[in-house]
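Coordinate inspection notes
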Amino acid sequence: MAPLSENARGAIFMMIAMAGFVCNDALMKLVSAELTLYQAVFLRGLMVTSMLALFALNRGGLMPRIGGTNLRLIGLRLFAEVGGTTCFLTALFHMPIANTTAILQSMPLAVTLAAALFLREPVGWRRYAAIAVGFSGVLVIIRPGSDGFSVYSVWAVGAVAFMVLRDLSTRRLGRDVPSVFVALTTASGITVFGGAVAAADAFPPVTGRAMGLMAAAAGFLFVGYLANVLAMRHGEIGFVSPFRYTVMIWAIALGFLVFGERPDARMLAGSAIVVATGIYTLYRERQRARRVLAARSVPGRGL
């Protein structure tokens, strides 16, 4: 048997990462029947933080020296991650898992738009058109003004906004900042935040079943984090990135098998629009990157 190519390895790791993230989401949704939102965030955070700390210690990234600008960016990223986690889990606890996941798939489109508006990154009319069509797909899923509208869809859209802020902050971080340290800082901050809010209310007893679900959720989340990093280190980003949309297959399957959720035609149509425009946007970004690289390789030619 011929060895797998780097692109194939990256695609497999990306699909594993998406499966890990959705399994974590499904377990968090299951435990919502026993725990409050912030209880779940706190308990899962304790476990994920411990795993990341051991991983960071093993990689020598537990106590790096970080400059002032990078510290401020990490703080901004933490704020965005706390907001995104709160909004996403609030939506997840009250909506079908496939619907919540589908809305989040508009994030690459939102990041592209925000990068053009705030970071002055060039975006052509084709990608602007794709972004507009993609957001129309989100509206199909949300169904504003119809009987199928859920106010928790707004929480999912809020999660997208916070995650865009998180990604833009990440782009500005220096390359010398270890990724595992950023992940550990984020996980620790979310855990502290969840614990502080949970402590303000009555803390109901945690059953063995709930702890088991939380441990499994933390394990799947750690696998998702690790596999996502490995995916970006194997193969071309332009080839690997579209495989992140396999998350919709996992979300629909788990929603049906675990929660008995049956996606309707509008949800599927909206998801298809969002995924298609997201893949097209990634394709256009890949084409532009190739043109930029070709221009730089020509002597005497500038941009």
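Just so we're clear, the structure is a prediction, and the values are computed from it rather than from any experiment.

**A short note on the overall build of the chain**
- Of regular secondary structure, the chain possesses 12 helices and zero strands.
- The C-alpha radius of gyration of the chain comes to 20 Å, within 12% of the 19 Å expected for a compact globule of 303 residues.
- The principal-axis extents of the C-alpha atoms in the chain amount to approximately 70 × 50 × 50 Å.
- In the chain, which comprises 303 residues, the share counted as buried stands at 45%.
- Across the chain, the fraction of contacts at a sequence separation of at least 24, relative to all contacts at a separation of at least 6, is 87%.
- As displayed, the chain offers around 15,400 Å² of accessible surface, 66% of which is attributable to carbon and sulfur atoms.
- Both charge centroids of the chain, one from 27 positive and one from 13 negative side chains, sit 11 Å from each other.

**Concerning the side chain of Thr49**
- As for its placement among the helices and strands, Thr49 is situated in helix 2 (residues 37-59).
- Judged by relative accessible area, Thr49 falls into the buried class, the value being 16%.
- Beyond its immediate stretch of four places on either side in the chain, Thr49 contacts Leu184, Ala187, Ser188 and Thr191.

**Brief notes about the pattern of salt bridges**
- Evaluated as defined, the whole model comprises seven salt bridges.
- Across the pair Arg166 and Glu81 runs a salt bridge whose closest N-O atoms are separated by 3.4 Å. Highlighted residues: Arg166 in helix 7 (residues 152-172) and Glu81 in helix 3 (residues 68-94), separated in sequence by 85 residues. Across this residue pair, the class does not change: Arg166 and Glu81 are buried.
- Arg171 is the partner of Glu121 in a salt bridge, and the nearest nitrogen-oxygen pair spans 2.9 Å.

**Here we look at the nonpolar core**
- Core analysis: the largest hydrophobic core is formed by 68 residues, its most contacted members being Met28, Leu89, Ile103, Val164 and Met214.
- Listed in part, the seven residues of the second largest apolar core include Ile66, Val177, Phe181 and Val182.

**Considerations on a nonpolar patch on the surface**
- A surface patch of nonpolar side chains, amounting to about 380 Å² of accessible area, comprises Leu4, Ile12, Met15, Ile16 and Val223.
- In terms of residue count, the dominant contributor to the nonpolar patch is helix 1 (residues 6-31) (three residues).
- Judged by relative accessible area, which is 39%, Ile16 ranks as partly exposed.

**Description of the packing of helix 5 (residues 107-118) against helix 6 (residues 125-142)**
- Interhelical geometry of helix 5 versus helix 6 gives an angle of 135° and a closest axis separation of 10 Å. The pairing of helix 5 with helix 6 is recorded here as oblique in orientation. Remark: the crossing between helix 5 and helix 6 carries left-handed chirality. Contacts between helix 5 and helix 6 involve Leu109, Ala110, Thr112, Leu113 and Ala116 on the former and, on the latter, Arg127, Tyr128, Ala130, Ile131, Gly134 and Phe135.
- Classifying every residue of the contact of helix 5 with helix 6 gives eight nonpolar, two polar and one charged.

Reading the values: rules and limits
- Residues numbered from 1 in each chain as written.
- Predicted model: local features only at pLDDT ≥ 70, side-chain atom pairs only at ≥ 80, totals over all residues.
- Heavy atoms only, no water.
- Helix = DSSP H or I, 4+ residues; strand = E, 2+ residues; numbered from the N terminus.
- Rg over C-alpha atoms; globule rule 2.2 N^0.38 Å.
- Buried < 20%, exposed > 50% of the residue type's maximum accessible area, 1.4 Å probe, protein only.
- Contact = heavy atoms within 4.5 Å.
- Areas by Shrake-Rupley, 256 points an atom, 1.4 Å probe, with all protein chains shown as cover.
- Lys, Arg positive; Asp, Glu negative; His and termini not counted.
- Charge placed at Lys NZ, Arg CZ, Asp CG, Glu CD.
- Salt bridge = Lys/Arg side-chain N within 4 Å of Asp/Glu carboxyl O.
- Core = buried A, V, L, I, M, F, W, Y, C linked by side-chain atoms within 4.5 Å.
- Patch = residues over 30% accessible without salt bridge, like charges linked within 9 Å, V, L, I, M, F, W, Y side chains within 5 Å.
- Axes fitted to C-alpha atoms, helices over the stretch in contact; angles between N-to-C directions.
- Parallel < 35°, antiparallel > 145°, perpendicular 65-115°, else oblique.
- Left-handed = near helix turned anticlockwise from the far one by under 90°.
- Nonpolar A, V, L, I, M, F, W, Y, C, P; charged D, E, K, R; others polar.

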